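These are the residues of each chain, in order.
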Amino acid sequence: MELEENEILKLQQFLSEEMNASEREVFQKEIETSQKLKEFLTIYKQINGFNTQGEWNLYQGNNDRLKEALSLFQNKETKAFSEKIKGIEKENVLNKPKNQISWLRVAMGFAIVASFAILLYMSFFQNPSLHQLYINNSSWEDLPSFTVKGDAIEEQKIALEQFFREKKYGDAIALSNKILKNSEILDPNILIYKGVSLIETNDLEEALQVFDKLIAQKNLIDFHKGYWYKVLIYLKANDKKNALQMLEIINKNPLFYKHKQAKELLKKIK
Amino acid sequence: MKDHSNFIKKFLSGDTKTLNNLYTHNFYSVEKYILSNGGTSTDCKDIFQSALTIIYVKLKNQPESIKNFDNYLFTVCKNLWKRENVKKRVTNLDTITLESKEIDLASFYLEQQQWELYQETFKKLSKGCQEILKMIFNNKTYKEIVSYFSYSSQTVARQRVFKCKAKLIQLIKKDKRYFKLK
């Protein structure tokens, strides 16, 4: 059953804390006796839960649904699969075979230790290099994730992310160009994936152009992310002057992406 | 790129080579994410195992439901890790009940479906609503929202946020998946 206009208004006042104490008490009693008000508030809370950083909604729905789901995990086939996975894990994670990937990880381990030692030295005797700051700040884990099903363009976006995570940057660049050409609406995330792929392949000039294009789209909510990525490009290119210029722009705008990090970087570089 | 349907068949049959490849190609990025978000090596292994079991159950019941396996695996691992941190915060250590692993997985199975429903429905909102809600979910203040959208006051901004959330709720309730997850 749909909510009435006055119910929607009361909900808004209730949630925005615009009601006084007695109005609040009256409305809370109304909520207790109204299934549709309770339902609205449950979903409202869940929307906030799923979208807030570091939050998650633990299931509090129907017990029958939970029992039904539980039976899927308690059946023989699922249990057998689970046991198989445990065996595979022992092979792969605990007893890493001596292969190229294992060597890479050992080498990376030494590289990390060596980098740490260099970093320690540099922190005592000199400021960290711009390249080191680039390494420290270029984590691509917070790039957007395309996993939601949709039309053909959405499917291509999923493939684009896949290419990127597999470090197939050439393929990622080619696909991003295709998506950009065929899309009616410019998706800033495609520009970001293209630009970051270009950074990874050291095509820094073209990466700058991509992020300049992003910055030029002032109607897009994420346009300012372009400034941060340009900072990373300039750090990688050891261009202190331009890195500082970008950091100053971000520092002046608290709403801009990575504002806090930019402020900290400014102190380190200046 | 994998031959998708053939890959899914092998995954569901527990093909050793296929499962080995999943570890080789995917475990490292999951490990990197969890370790850099406060987890331990044990957490990484547990989360990865749980994610594969969840995906197995999902594909058994809906074979065509995952378009990109690797992306989906990574997303499930991220969500499992978020959930783990929330559970640690909300669990009352004095009255802890021993939940079986299967109950935990079953609960997450339903939570993940809810999450997917909400993410997909969010994309059906107008661009304006999506923009303003993204700002709220990224912890921007109403003062910042007023400035960005040039609203006349914070009251107007709050009303706009509420209307967009109410619209989202209306769309969620209209989706037939909502009733299967209530």
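Computed from a predicted model, the values in this text were never measured in an experiment.

Engineer: So what about the overall build of chain B? Which residues, and what values?
Structural biologist: Helix and strand counts for chain B come out as nine helices and zero strands. Reading chain B from its N end, one meets helices and strands in the order α-α-α-α-α-α-α-α-α. Looking at the 182 residues of chain B, the share that counts as buried comes to 51%. Taking all contacts inside chain B whose residues are at least 6 apart in sequence as the whole, residues at least 24 apart take part in 61%. Accessible area for chain B stands at about 8900 Å²; split by element, carbon and sulfur atoms hold 51% of it.

Engineer: A description of the interface of chain B and chain A should follow, citing residues and the corresponding values.
Structural biologist: With 75 residues of chain B at the interface, the matching set in chain A holds 70 residues. Of the roughly 7400 Å² buried between chain B and chain A, counting both surfaces, carbon and sulfur atoms make up 63%. Linking chain B with chain A are 17 residue pairs in polar contact (both at pLDDT 80 or more). Of all elements in the fold, only α2 (16-35), α3 (41-61), α4 (69-90), α5 (101-122), α6 (127-137), α7 (142-149), α8 (154-174) and α9 (176-181) of chain B reach the threshold of two or more residues within the side of chain B that touches chain A. The element best represented in the side of chain B that touches chain A is α5(B), accounting for 15 residues.

Engineer: How would you summarise the pattern of salt bridges if you had to cite specific residues and measurements?
Structural biologist: Residue and element names in this part refer to chain B. Tallying each qualifying case throughout the model produces 18 salt bridges over all chains. A salt bridge links E120 to R177, with the shortest nitrogen-to-oxygen separation between them at 3.0 Å. Here R177 lies in helix α9 and E120 lies in helix α5, a separation of 57 residues in the sequence. Among the residues examined, R177 registers a relative accessible area of 29% and is labelled partly exposed. Across the salt bridge formed by D175 and R177, the nearest N and O atoms sit 3.1 Å from each other. Through salt bridges with shared partners, a single ionic network connects R83, K87, D104 and E111.

Engineer: So what's going on with the nonpolar core? Which residues, and what values?
Structural biologist: Ranked by internal contacts, the top residues of the largest apolar core, which has 84 residues, are A:F40, B:F11, B:L52, B:I55, B:F69, B:L73 and B:L133. For B:L133, the contacting residues outside a window of four places in its chain are B:F122, B:L125, B:V161, B:C164, B:K165 and B:L168. By size, the runner-up hydrophobic cluster in this structure holds 50 residues, among which are A:W140, A:F211, A:I215 and A:L247.

Engineer: Tell me about the packing of helix α3 (residues 35-51) of chain A against α5(B), and name the residues and values.
Structural biologist: At a minimum axis distance of 11 Å, the contact between α3(A) and α5(B) shows a crossing angle of 90°. Judged by the angle between their axes, α3(A) and α5(B) are roughly perpendicular. Each of A:I43, A:Q46, A:I47, A:F50 and A:N51 in α3(A) lies in contact with α5(B), whose residues at this interface are B:E111, B:Q114, B:W115, B:Y118 and B:Q119. A class-by-class count of the residues in the contact of α3(A) with α5(B) yields five nonpolar, four polar and one charged.

Engineer: An account of the side chain of A:Q156 is needed here, citing residue identities and associated values.
Structural biologist: Residues and elements named next belong to chain A. Locating Q156 in the fold gives a position in helix α8 (residues 152-165). With a relative accessible area of 17%, Q156 lands in the buried category. In this structure, Q156 is in contact with L175, K178 and I179, ignoring residues within four places of it in sequence.

Engineer: Describe α6(B), naming the residues involved and giving the relevant values.
Structural biologist: Residue and element names in this part refer to chain B. Counting buried residues in α6 gives eight out of 11 residues, a clear majority hidden from the surface. The set of residues buried in α6 consists of C129, Q130, E131, I132, L133, M135, I136 and F137. A positive backbone phi angle near 60° is found at N139, which sits one or two residues after α6.

Engineer: Describe in detail empty space enclosed by the protein, supporting the description with residues and values.
Structural biologist: According to the stated counting rule, one finds five cavities of 30 Å³ or more in the structure shown. Mapped by element, the contributors of at least two residues to the lining of the second largest cavity are α3 of chain A together with α5 of chain B. Tallying contributions element by element places α5(B) first for the lining of the second largest cavity, with three residues. Among the residues forming the lining of the second largest cavity, the class breakdown is four nonpolar, two polar and no charged.

Engineer: Describe the packing of aromatic side chains, naming the residues involved and giving the relevant values.
Structural biologist: Taken as a whole and assessed by the stated rule, the structure comprises 28 aromatic pairs over all chains. Residues A:W140 and A:Y229 carry aromatic rings whose centres are separated by 6.3 Å and whose planes lie at 35° to one another, so their mutual orientation is tilted. A residue pair is termed long-range when its members are at least 10 positions apart, and A:W140 in the loop between α7 (130-137) and α8 and A:Y229 in helix α12 (residues 225-236) qualify at 89 residues. On the basis of relative accessibility, which here comes to 3%, the residue A:Y229 falls in the buried class. A ring pair is formed by B:Y33 and B:F74, whose centres lie 5.9 Å apart and whose planes are at 70°; its orientation type is edge-to-face. With B:Y33 in helix α2 and B:F74 in helix α4, the pair connects residues that are 41 residues apart, well separated along the chain. The side chain of A:R165 reaches across the aromatic face of B:F74, ending 4.3 Å from its centre. Of note, B:R158 hangs over the ring of B:Y142, and the distance from its end group to the ring centre comes to 4.3 Å.

Cut-off values and rules
- Residues numbered from 1 in each chain as written.
- Chains lettered and ligands numbered in written order.
- Predicted model: local features only at pLDDT ≥ 70, side-chain atom pairs only at ≥ 80, totals over all residues.
- Heavy atoms only, no water.
- Helix = DSSP H or I, 4+ residues; strand = E, 2+ residues; numbered from the N terminus.
- Buried < 20%, exposed > 50% of the residue type's maximum accessible area, 1.4 Å probe, protein only.
- Contact = heavy atoms within 4.5 Å.
- Areas by Shrake-Rupley, 256 points an atom, 1.4 Å probe, with all protein chains shown as cover.
- Buried area = accessible area lost by both parts, 1.4 Å probe.
- Polar contact = N/O pair within 3.5 Å; in protein donor to acceptor, adjacent residues only side chain to side chain.
- Salt bridge = Lys/Arg side-chain N within 4 Å of Asp/Glu carboxyl O.
- Core = buried A, V, L, I, M, F, W, Y, C linked by side-chain atoms within 4.5 Å.
- Axes fitted to C-alpha atoms, helices over the stretch in contact; angles between N-to-C directions.
- Parallel < 35°, antiparallel > 145°, perpendicular 65-115°, else oblique.
- Nonpolar A, V, L, I, M, F, W, Y, C, P; charged D, E, K, R; others polar.
- 1 Å grid on protein atoms, 1.4 Å probe; cavity = no way out; pocket = protein on both sides within 12 Å on 5 of 7 lines; lining within 4 Å.
- Points joined across faces, edges and corners; volume = space filled by probe spheres on them.
- Phe/Tyr/Trp six-rings, centres within 6.5 Å; stacked < 30°, edge-to-face > 60°.
- Lys NZ or Arg CZ within 6 Å of the ring centre and 35° of its normal.

Bear in mind that shape data such as this cannot, by itself, settle questions of function.
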